[in-house]
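A closer look at the structure
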Amino acid sequence: MFAVLKTGGKQYKVQSGDVLRVEKLAAEAGETVQFNEILMVDGQVGTPTVEGAAVQATVIDQIKGDKVIHFVKRRRKHSSQRTKGHRQQLTLLRVTEILASGAAATGVKAAIGSGSVSGAAVAATEPKAAKAAKAEAPAEAAAPAGDDLKKLPGVGPAMEKKLHEAGITRFAQIAAWTDEQAAAMDSRLGLKGKIVNDGWVALAKDLAKKA
């Protein structure tokens, strides 16, 4: 069985066991990746790709291609030329399996180029089974949002953020402050006596009961 896959703007005709050099992929040596953009597989031509087909390959190494030399010449100047060399970064792969169908159920990492790839592009190439698994997986318990500290006198969004950064998210925490702790926090946040003068501790005790 053979397939024609597309990656890095190029097309490759492959069979199981073939070794390929393709545009650099975001993968480490030893990883298995899956090409989901298959133009032809076992004589079946895609429109433009074959639905459910894929090619899986194992990354052998990240390499550089042969140096390509080109010259830059400037008009109306004698002996003015510059030699530039370039070695393209490539990924060396060995094709391990060609799938005519069922690519969505493999869960194998999609072969993505190592350039700047948006999250949407990665999601678009991710096997459907992997997407379904993520959707069905239980969501991690969200961290508690805490109380609305803006109910305290003189606390706006900016001050609430400072309190959160100091680890204060609940009225009960403020209600438990001693005079020394309240003075220390007042000094830390530069409130100039606001905590004591505005009665934060007493008000926090009432708000904590209602929370």
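Residues numbered from 1 in each chain as written. Predicted model: local features only at pLDDT ≥ 70, side-chain atom pairs only at ≥ 80, totals over all residues. Heavy atoms only, no water.

As summarised here, the arrangement of the four strands in space is β2-β1-β5-β6, forming an open sheet in which the pairing is antiparallel. Since the sheet does not close on itself, it has two edges, and those belong to β2 (10-15) and β6 (44-45), each with one partner. (Pairing = 2+ DSSP bridges. Helix = DSSP H or I, 4+ residues; strand = E, 2+ residues; numbered from the N terminus.)

On to the pattern of salt bridges. What the rule picks out here adds up to six salt bridges. Note that D148 is salt-bridged to K150, the shortest N-O span being 3.1 Å. Accessibility expressed as a relative area gives 33% for D148, which makes it partly exposed. Among the residues examined, K150 registers a relative accessible area of 37% and is labelled partly exposed. With its nearest N and O atoms 3.2 Å apart, the salt bridge here joins K150 to E160. In this pair, K150 sits in the loop between α2 (128-136) and α3 (157-165) while E160 sits in helix α3, placing the two residues ten residues apart along the sequence. A relative accessible area of 11% means that E160 is categorised as buried. Salt bridges here are not isolated pairs; linked through shared partners, they connect D148, K150 and E160. (Salt bridge = Lys/Arg side-chain N within 4 Å of Asp/Glu carboxyl O. Buried < 20%, exposed > 50% of the residue type's maximum accessible area, 1.4 Å probe, protein only.)

Before going further, it helps to examine the nonpolar core. Counting residues in hydrophobic clusters, the biggest one holds 21 residues, and the most contacted among them are V14, V33, F35, I38, V55 and L93. Looking at this core, the elements with two or more residues in it are β1 (2-7), β2, β3 (19-23), β4 (32-35), β5 (38-41), β7 (54-64) and β10 (89-99). For V55, the contacting residues outside a window of four places in its chain are A3, L5, V14, V33, Q34, F35, I38, V95, E97 and I98. Counting residues in hydrophobic clusters, the runner-up holds 20 residues, among them L149, V155, A166 and A182. (Core = buried A, V, L, I, M, F, W, Y, C linked by side-chain atoms within 4.5 Å. Contact = heavy atoms within 4.5 Å.)

If you check which residues of α3 are buried, you get M159, E160 and L163. All buried residues of α3 fall inside an arc of 100 degrees around its axis, so they share one side. Exposed and facing more than 90 degrees away from the buried side of α3 are P157, A158, K161 and E165. Of the residues flanking the end of α3, it is G167, one or two places downstream, whose phi is positive at about 90 degrees. (Arc of directions from axis to C-beta.)

Right, let's talk about the side chain of E160 for a bit. Separated by 3.1 Å, the side chain of E160 and the backbone nitrogen of L149 make a polar contact. With residues up to four places along the chain from it excluded, the contact list for E160 reads D147, D148, L149, K150 and V155. (Polar contact = N/O pair within 3.5 Å; in protein donor to acceptor, adjacent residues only side chain to side chain.)

The next point concerns the pairing of β7. Two elements, β4 and β7, share four bridges in a ladder whose sense is antiparallel. Across the sheet, T32 pairs through a bridge with T58, a residue of β7. Alignment of β7 against β10, held across ten bridges, turns out to be antiparallel. Each residue of the ladder has a partner; that of D61, found in β10, is L92.

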